[in-house]
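Here are the chains, one letter per residue:
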Amino acid sequence: MVCYDICDDTRLRKVYKIMKGHGQWVQYSVFRCELSDRERLQLMTMLQKVINHRVDQVMFIDLGPSGHQDQRFETMGRPLATSPRSSVII
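A quick note: this is a predicted structure, and the numbers were derived from the prediction, not measured. (Residues numbered from 1 in each chain as written. Predicted model: local features only at pLDDT ≥ 70, side-chain atom pairs only at ≥ 80, totals over all residues. Heavy atoms only, no water.)

A. Representation of the nonpolar core. Counting 17 residues, the largest nonpolar core has Tyr4, Val15, Met19, Leu47, Val58 and Phe60 as the members making the most contacts within it. Mapped by element, the contributors of at least two residues to this core are β1 (2-5), α1 (9-20), α2 (37-48) and β4 (57-62). Top contributing element to this core by residue count: α1, with 4 residues. (Core = buried A, V, L, I, M, F, W, Y, C linked by side-chain atoms within 4.5 Å. Buried < 20%, exposed > 50% of the residue type's maximum accessible area, 1.4 Å probe, protein only. Helix = DSSP H or I, 4+ residues; strand = E, 2+ residues; numbered from the N terminus.)

Printed below as a string of structure tokens:
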């Protein structure tokens, strides 16, 4: 899964065009991709040339095979914001 938050419309269109060639559009700024290691590195290289690393973010989420419990998050550009875990009762 590749998700992105791009702060400029021109860069956003460029990222969308790159992503369109590498995966299936799921929803706004989210693509489902089945990539080999080599394809993933090629995609990352293409995106690195387009994004502004200070304000944009591209997140690669390795969902693994079906039934795989561990998920790995990897971002480019702006770091992944973490929030403290807490319980919410509704």
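B. Focus on α2. With 12 residues, α2 extends 16 Å from end C-alpha to end C-alpha; this agrees with the ideal 16 Å at 1.5 Å per step. Listing the buried residues of α2 in full gives Arg40, Leu43, Met44 and Leu47. Seen end-on, α2 carries its buried residues on one side only, within an arc spanning 100°. Of the exposed residues in α2, the ones pointing more than 90 degrees away from its buried face are Arg38 and Leu41. (Expected span 1.5 Å × (residues − 1). Arc of directions from axis to C-beta.)

C. Spotlight on unusual backbone geometry. Non-glycine residue Ser29 carries a positive phi angle of around 65°. Assignment of secondary structure puts Ser29 in the loop between β2 (24-27) and β3 (30-32). A residue is classified by how much of its surface remains accessible, and Ser29, at 10% relative accessible area, is buried.

D. Spotlight on α1. Under the 1.5 Å per step criterion, the end-to-end length of α1 is 16 Å for 12 residues, consistent within 8% with the ideal 16 Å. Among the residues of α1, those classed as buried are Arg11, Leu12, Val15, Ile18 and Met19. For α1, the buried positions fall inside an angular range of 125° around the axis, keeping them on one side. Exposed residues pointing more than 90 degrees away from the buried face of α1 are listed as Asp9, Arg13, Lys17 and Lys20.

Honestly, it's all geometry; don't read function into it.
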